[in-house]
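Take a look at the letters that make up each chain.
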Amino acid sequence: MNRRTYIKNSLIFGTLGLASFSAFKWFEFSKQIDPKTLWDKKELIGELAEVIIPETDTPGAKAASVNVYIINVLLNCTDAKQQNKFLTGLDDLENYSIDKYGKTFLKCNLTEKDAIVEHFADHSGYSNRLINKINNKLLGEPFYSKLRNLTIEGYCLSQLGATQGLAYDYIPGKFESCIPLQKNQKSWATK
Amino acid sequence: MYISDKIKNQQSYDAIVIGSGISGGWAAMELCKKGLKTLLLERGRDVKHITDYPTATLNPWDFKFGYNNTNKDREIDPVQSSAYGPADKHFYVSDAEHPYIQERPFHWYRGYQVGGRSLTWGRQCYRLSDLDFMANMKEGIAVDWPIRYKDIAPWYSYAESHIGVSGQRENLSQLPDGEFLTPMELNCIEKHLGESIKKNEQNRLLTIARVANLTRGWDSRGPCQNRNLCSRGCPFGGYFSSNSSTIPAAFATGNLTLRPHSIVTEILFDDQKQKAKGVRIIDALTNEVHEFYSKIIFVNASTIPTAGLLLNSTSSRFPNGFGNDSDQIGHNLMDHHSNAGAYGVHDKYTDQYYKGRRPSGFLIPRFRNLTDNENHSFKRGYNIQGHGERREWMDKSQSLAGFGKDFKAQLTTPGPWTVWMAGWGECLPYYKNKVTLDSDLKDKWDQPLLKIDFSFEENENKMMDDIKQTSADMLEKAGFKDISIFNYNKPGGSTIHEMGTARMGNDPKTSVLNRFNQMHGAKNVFITDGSCMTSSASQNPSLTYMALTARACQFAFDQLKNGHL
């Protein structure tokens, strides 16, 4: 067996192993969650969203109540697997915070919060795309990736995000096809 | 459900139009304008222009779940929810309430309401040409179209002059020019791609889409405000729909009776006169059965339901379905494919942007098989539709790493220019692609469920491969980077251009309708929705339905006047 075949085979077996592990998790993850468990994390989700999209010269995720959006979408528009995965992710994050800093995420200072989010951003999903794909399908999108995407959506669609973080043109009237980019030009909120 | 067997309300009209979508609205307007007392039957609810567009002026933050459909939406509407969003869901049927059978995967998108899918259509308006009308004959495929471009050309002009089409004249034989309002404008990257194509390719060009969006006030509507929220219904009347245009025009004559909630279950045949005498309907609200009678009937229920209605209308004269001497009804179902294309990123013009949301893109008109001696692995051709834009937050979430201040700054500023484009390709008419009635399963009005059996074949698949290649080539020659090619592999029906189930032709033995969309077997019945199409061409078809409808109305009226019907 040459090296290349070996790597290929070990990848395939690795994938199979993970897939069967995933099957077990899938069963656990298919149970409905109690909406209250997620609403109880409202403050934590809000802080996390603010780390991802902080207040600068424009409002951040917290001011735009992105946490409410995230919870509403998770509860109404994603399946039980995704909800469980998200909840587990929040628990992992809290445990990591306590292990590492001896306090909950909400009690951490800004630098510590950044470091914790950084850790989870770096460890979001496996490095192998195929395994990620299988896992996303069976178990839902990884916790951090879901958190980040919903934070982006929630912020950019919110009134503060759309009108101040971005540029919102309610009724454009005219279409101007090619115009010079203005200084500090924000992206259009809608397309 | 109990359906009353007592027949009520036996009223007579000059004309009955079945269906109020894009072609039914046209039939109603034309017939009313000619002085005929017309009954317009629609199976769904009424939708009044502006008043019944509840989401038209909402902001993004007015939707609690953003642009996401809910779990419940996906559960009860597995097909429709793949097309609708929270902002236009109310213009789609519920799959749970209106089931159908997919013998092979087929996405059948429906809008049962006054105006039908003219509320949510893509608004692209392209003429067919003799390249299309003569293709079946030249290649010996299916049957020959009974008309040529010269027969329909004046009616294209007539339709365009009414609906208002913005577009650029290009003087192409395969895509004839029309009566155009000022074209919308291409943006920087689209112009760049267009110039590259002009320089590098023979007989190819890039032009602005020809759309029924108004660049100036027209028919007391518009102009388009460049909001790009068309599928919610336009409070400015910026685009053409039955609701904004033909139905109000029909009402203005005083000759129109509109009856929503009227499910037509049967066209009735008069054995003595050897023609249709009227229709039977179920009132969807009361479940009462009514019959209405008329001198002529226009069937505009849309391709799949029209076939179902004809197959369900049996008599001793037509045991296999109304007007089905040829046994072609329900067969030859077509839908364009729009699966294959390419996407690329460009690093120039970073100091340029745009303002406003143009509700249209660009078109690269058909360039394959324009002559008989080209050597491709497939017949016919495709046109490429696409659009250029700067990458915005919706597209960045996957590619943008990190978090915090820098991340936010990148997220909220315009990214590089990108172009997405895909081929809208011709689908050949195959007898085996068909709609039939299920012999057992019924809907809640006790009507047989429709069964759809459709797939794309080798010709379409080979064309999709070519589209990927040519799209990527054109992007590459124009200096695009990170080019990715794709084939979405969406099932049939996804382009929402169903056609062909009651085709036109010269021979009653092999076709359902004659050259004036008149039924060979019942001279007072006319069918001018997508089911009449003998081949699909590659152009978006609605404009052709409108032109054929206006033409058939004139013919029907003349025949009626001269005592032939």
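Located above this text is the structure these notes cover.
So, here is what we can say about the structure in this document. On a predicted model such as this, the values are computed, not experimentally measured, just so you know. (Residues numbered from 1 in each chain as written. Chains lettered and ligands numbered in written order. Predicted model: local features only at pLDDT ≥ 70, side-chain atom pairs only at ≥ 80, totals over all residues. Heavy atoms only, no water.)

### A short note on the sheet that holds strand E16 (residues 434-442) of chain B
Residues and elements named next belong to chain B. Filter applied, for reference: Strands pair, by our definition, only if DSSP identifies at least two bridges between them. Secondary structure elements are defined from DSSP: runs of H or I of at least 4 residues count as helices, runs of E of at least 2 residues count as strands, and each element is numbered from the N terminus. Note on definitions: a residue-residue contact is assigned when non-hydrogen atoms from the two residues lie within 4.5 Å. Structural elements are reduced to axes, namely lines fitted to C-alpha atoms, with helices fitted over the stretch in contact, and the angle between N-to-C directions of any two is expressed from 0 to 180 degrees.
Here three strands make up an open sheet; going across it, the order is E3-E17-E16 and the pairing mixed. Of all the strands in the sheet, the pair left with one neighbour each is strand E3 (101-102) and E16. In the sheet, E3 pairs with strand E17 (residues 448-453) via two bridges, with the strands oriented parallel. Bridge pairing in E17 places Ile101 opposite Lys451. Relative to the sheet, helix H8 (residues 303-312) contacts E16 and E17, its axis offset from that of E16 by approximately 60°.

### Section: the interface of chain A and chain B
Let me state the cut-off plainly: In this description, buried area is defined as the sum, over both parts, of the accessible area (probe of 1.4 Å) that is lost when the two are combined. In what follows, salt bridge is the name for a side-chain nitrogen of Lys or Arg lying within 4 Å of a carboxyl oxygen of Asp or Glu.
On the chain B side, the residues contacting the 56 residues of chain A number 54 residues. Both sides of the chain A and chain B interface together cover about 4,900 Å² of buried area, and 58% of this is carbon and sulfur. At the boundary of chain A and chain B, one finds three salt bridges. For the side of chain A that touches chain B, the leading source of residues is helix H8 (residues 143-157) of chain A, giving eight residues.

### Focus on the side chain of Gln83(A)
Basically, it comes down to this: Whenever a nitrogen or oxygen atom comes within 3.5 Å of another N or O atom, the pair is scored as a polar contact, on the condition that within protein one atom can donate a hydrogen and the other can accept it, and that pairs from neighbouring residues in sequence are kept only if both atoms are in side chains.
Turning to its location among the elements, Gln83(A) is positioned in helix H5 (residues 80-101). A polar atom in the side chain of Gln83(A) sits 3.3 Å from the backbone oxygen of Leu75(A). Excluding residues that lie within four positions of it along the chain, Gln83(A) makes contacts with Gln32(A), Ile33(A), Leu74(A), Leu75(A), Thr78(A) and Asn71(B).

### Some details on unusual backbone geometry
Excluding glycine, residues mostly carry a negative phi; peptide bonds, for their part, are mostly trans. Residues and elements named next belong to chain B. The condition that has to hold: Partly exposed residues are those whose accessible area sits between 20% and 50% of the maximum for their type, while under 20% is buried and over 50% is exposed, using a 1.4 Å probe and protein chains only.
That bond from Gly222 to Pro223 is cis: its omega, 0°, falls within 30 degrees of zero. Its location among the elements puts Pro223 in the loop between strand E6 (207-208) and helix H7 (242-252). Of note in this structure, Ser220 is not a glycine but carries a positive phi near 50°. Mapped onto the elements of the fold, Ser220 is located in the loop between E6 and H7. Given the relative accessible area of 81%, Ser220 is considered exposed. Non-glycine residue Asn228 carries a positive phi angle of around 55°. Mapped onto the fold, Asn228 is located in the loop between E6 and H7.

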